[in-house]
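So you can see what is in the structure, the chains are spelled out below.
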Amino acid sequence: MLRVFLYPFIIMLYIIAQLTEGTTLLYIVGIFANITVIVSLFHARGLYLYSGIIFYVIGMILFLLNDLPWQAFFLQFDTMLGILALFLLLPFLNSLILVGRYDKHLSSLLQYNINHVGDLYKRGSFVSHILGLFLNIATVPLVLKSLHKSLNIYPTSITDRFYTTSILRAYALCLMWSPMEIMIIKSLEITNVDYLFVFPILFLLTISILFIDTTIGKRKYGPLKIGLEQSHVSLEIIFKKMKDLLVLLLFLVVSVTLLNRIVQQGYLFSLVLMIIPISFIWAIKIRKVRRYIIHSKQHWQMKTKGLANYFFMFLSAGFFVNMVANTKLLTVLQYAFVHFSEQLLFLFCLIGLYFFITSFIGFHPLVSIVLLAEILQPIIANIPSIPLSIVLIICSLSTVMYSPFNVSISILASEINLHPYRIGVWNIAFSLLLMVISIVFAYTIHIVGGFFT
């Protein structure tokens, strides 16, 4: 139970420190960050455990080699706390979706007017895309369970690939325009671009790609018949739920944007502050306050206990990135990017290659993008911000579909008893194509923009 108190406590200290800008409080945050790392060490598992240990040990070595004053050690752990704050509070929004039964009604679309497996591919992708905006990684097992009811008559040689492509591609594409996706928020912090400026571009690009993928998937699986009788589904209720979700999303984005204009602490910080108030207001709106409070409390406690992996790895990674930024190693990494700073297309390709390589050596995309922010620091002012935002967002989130170390891949692999590398292989060509499209699209925006100016 210590984690249930420790994790919110350090996040609360971090929020107060950001609002008051007190240096003394930052030292206290650093002290508790190290206590959190020690506590989380005993509960972290797998890649998160090994990566966290490596990051922390290397960070400590670099700190000692830099001959920095000892008290500066405690100021190196706040880089990732905003991200961890979002992870800590997202269960309150997830609970709202579950209490409002939005997930159940959307999943019921998978049993309505489905004539063949091709229809199911398109419908499954649509449901994964919508639910992914709010349930995040919980979308994968939920949609998989619903799809399995209709596909249980087919061999795993067909169904495994079906699940991998229909669920993961739609899920990744929804993340690429979601205002709550941490990779988008971090990318926009790097480029100093407002979400509202890139939203139309990201939405149109990802929806177009989703439409093409589902059209191809529908034709590919069209000859296969469905093995489940159609159930009665109320389209009126489903459309009402979808409309409610879109209004909720708009309400959240507008509220966070307005708050950010007031506090001037960044979109991520404002989102962290608004999740609970917005969720509670919406619970009042749907008249399920009591049920929401009970469910969100239980759901939050359960999810908070499971955050040991994230707190251990991300706090250690933040320490590592801060230390790398103070060494000559960063200069070596910066050289290649600075060399191509005048050749924008090659620079974008290098960024895509960077995410591709780091995703296969065990770097979480969040760690990769924080390190990349330091690498790009000398040239960031010379790179067109909106094209760079598009490349960072799409190239980093493409890893969701193929990286064997990604959580979405791991969960799906566990559910269908396949090796994560096998799942990644089925999506890697699509992911690379998506990266290329984003790079070409971003470069075209730059060229067209330069032409008109």
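Here goes a summary of the coordinates provided. (Residues numbered from 1 in each chain as written. Predicted model: local features only at pLDDT ≥ 70, side-chain atom pairs only at ≥ 80, totals over all residues. Heavy atoms only, no water.)

## A closer look at the state of the cysteines
All told, the structure shown has zero disulfides when counted by the stated rule. Here Cys174 is not disulfide-linked; the sulfur of Cys395 is the nearest cysteine sulfur, at 18 Å. Looking at Cys349, it has no disulfide partner, and the nearest cysteine sulfur is the one in Cys395, 8.7 Å off. (Disulfide = S-S within 2.5 Å.)

## Description of the environment of Val117
For Val117, the location among the structural elements is in helix H6 (residues 117-135). Given a relative accessible area of 1%, Val117 falls into the buried group. Along the chain, Val117 and Leu151 lie 34 residues apart, while their C-alpha atoms are 8.0 Å from each other. Contact partners of Val117, with chain neighbours within four places excluded, come to Leu151, Tyr154, Phe162, Tyr221, Leu224, Lys225 and Ile226. (Helix = DSSP H or I, 4+ residues; strand = E, 2+ residues; numbered from the N terminus. Buried < 20%, exposed > 50% of the residue type's maximum accessible area, 1.4 Å probe, protein only. Contact = heavy atoms within 4.5 Å.)

## As for the packing of helix H4 (residues 81-99) against helix H13 (residues 289-305)
For any two helices packed against each other, one specifies the crossing angle of their axes together with the interaxial distance. The N-to-C vectors of H4 and H13 enclose an angle of 135°; their axes lie 8 Å apart at closest approach. It follows from the interaxial angle that H4 and H13 lie oblique. At the point where H4 passes H13, the crossing takes the right-handed sense. In this structure, H4 uses Leu88, Pro91, Phe92, Asn94, Ser95, Leu96, Leu98 and Val99 to contact H13, whose residues at the interface are Arg291, Tyr292, His295, Ser296, His299, Trp300, Lys303 and Thr304. Classifying every residue of the contact of H4 with H13 by side-chain character gives eight nonpolar, six polar and two charged. (Axes fitted to C-alpha atoms, helices over the stretch in contact; angles between N-to-C directions. Parallel < 35°, antiparallel > 145°, perpendicular 65-115°, else oblique. Left-handed = near helix turned anticlockwise from the far one by under 90°. Nonpolar A, V, L, I, M, F, W, Y, C, P; charged D, E, K, R; others polar.)

## Details of the environment of Tyr171
Structurally, Tyr171 can be placed in helix H8 (residues 156-175). The class of Tyr171 is buried, set by a relative accessible area of 3%. Residues Tyr171 and Met401, spaced 230 residues apart in sequence, show a C-alpha to C-alpha distance of 8.6 Å. The contact partners of Tyr171, leaving out residues within four places of it in the chain, are Ser128, Gly132, Asn136, Ile137, Val400 and Ser408.

## Some thoughts on the pattern of salt bridges
If you walk through the whole model with that rule in mind, you get six salt bridges. With a closest N to O distance of 3.4 Å, Asp244 and Lys240 form a salt bridge. Remark: Lys240 and Asp244 occur in helix H11 (residues 235-263); sequence separation between them is four residues, near one turn of the helix. What makes Asp244 buried here is its relative accessible area of 6%. It is possible to trace a salt-bridge network through shared partners that takes in Lys240, Asp244 and Lys285. (Salt bridge = Lys/Arg side-chain N within 4 Å of Asp/Glu carboxyl O.)

## Concerning the layout of surface pockets
In this model, the largest pocket occupies a volume close to 870 Å³. Around the largest pocket sit 35 residues that line it, and Phe87, Asn136, Ile137, Tyr310 and Val407 are the ones nearest its centre. Of all the secondary structure elements, the ones that give two or more residues to the lining of the largest pocket are H4, H8, helix H9 (182-191), H13, helix H14 (308-324), helix H17 (365-375) and helix H19 (407-416). A total of six residues in the lining of the largest pocket trace back to one element, the largest contributor, which is H4. Residue composition of the lining of the largest pocket, grouped by class: 24 nonpolar, nine polar and two charged. If you go around the second largest pocket, you meet 19 residues; those closest to its centre are Thr79, Lys186, Glu189, Ile190 and Ala373. The set of elements that each furnish at least two residues to the lining of the second largest pocket consists of helix H1 (2-20), H4, H9, helix H12 (267-285) and H17. (1 Å grid on protein atoms, 1.4 Å probe; cavity = no way out; pocket = protein on both sides within 12 Å on 5 of 7 lines; lining within 4 Å. Points joined across faces, edges and corners; volume = space filled by probe spheres on them.)

## Some remarks on empty space enclosed by the protein
Per the counting criterion, the structure on display carries three cavities of 30 Å³ or more. Its volume calculated, the largest cavity comes out at about 70 Å³. Around the largest cavity, the lining residues are Leu90, Leu93, Asn94, Gly132, Leu133, Phe134, Asn136, Leu175, Ser178, Met180 and Glu181. The set of elements that each furnish at least two residues to the lining of the largest cavity consists of H4 and H6. By residue class, the composition of the lining of the largest cavity is six nonpolar, four polar and one charged. Put simply, the second largest cavity is a space of about 50 Å³. Around the second largest cavity, the lining residues are Leu47, Tyr48, Met313, Gly362, Phe363, His364 and Phe405. Its residues assigned to classes, the lining of the second largest cavity shows five nonpolar, two polar and no charged.

## Considering H9
In terms of burial, H9 is a largely internal element, nine of the ten residues being buried. Contact partners of the buried residues in H9: H4, H8, helix H10 (195-221), H12, H17 and helix H18 (385-397). Sitting at the head of H9, Glu181 places a side-chain oxygen 3.0 Å from the backbone nitrogen of Met183. Where H9 terminates, the next one or two residues include Asn192, which has phi positive at roughly 60°. (Polar contact = N/O pair within 3.5 Å; in protein donor to acceptor, adjacent residues only side chain to side chain.)

## Structural notes on a positive patch on the surface
On the surface, Arg101, Lys104, Lys145, Lys149 and Arg291 cluster together into a patch of positive charge. The exposure class of Lys149 is partly exposed, given its relative accessible area of 43%. (Patch = residues over 30% accessible without salt bridge, like charges linked within 9 Å, V, L, I, M, F, W, Y side chains within 5 Å. Areas by Shrake-Rupley, 256 points an atom, 1.4 Å probe, with all protein chains shown as cover. Lys, Arg positive; Asp, Glu negative; His and termini not counted. Charge placed at Lys NZ, Arg CZ, Asp CG, Glu CD.)

## Quick word on the packing of helix H3 (residues 46-65) against H14
Contact geometry for H3 and H14: axes closest at 8 Å, N-to-C directions at 30°. For the element pair H3 / H14, the angle class is roughly parallel. Viewed along their axes, H3 and H14 form a crossing whose handedness is left-handed. Touching Tyr48, Leu49, Ser51, Gly52, Ile53, Phe55, Tyr56, Ile58, Gly59, Met60, Leu62 and Phe63 of H3 are Asn309, Tyr310, Phe312, Met313, Ser316, Ala317, Phe319, Phe320, Met323 and Val324, all from H14.

## Details of the side chain of Ser341
Inspection of the secondary structure puts Ser341 in the loop between helix H15 (328-339) and helix H16 (344-360). Polar side-chain contacts of Ser341 include one of 2.7 Å to the backbone oxygen of Val338. Among residues more than four places away in sequence, those in contact with Ser341 are Leu347 and Ile379.

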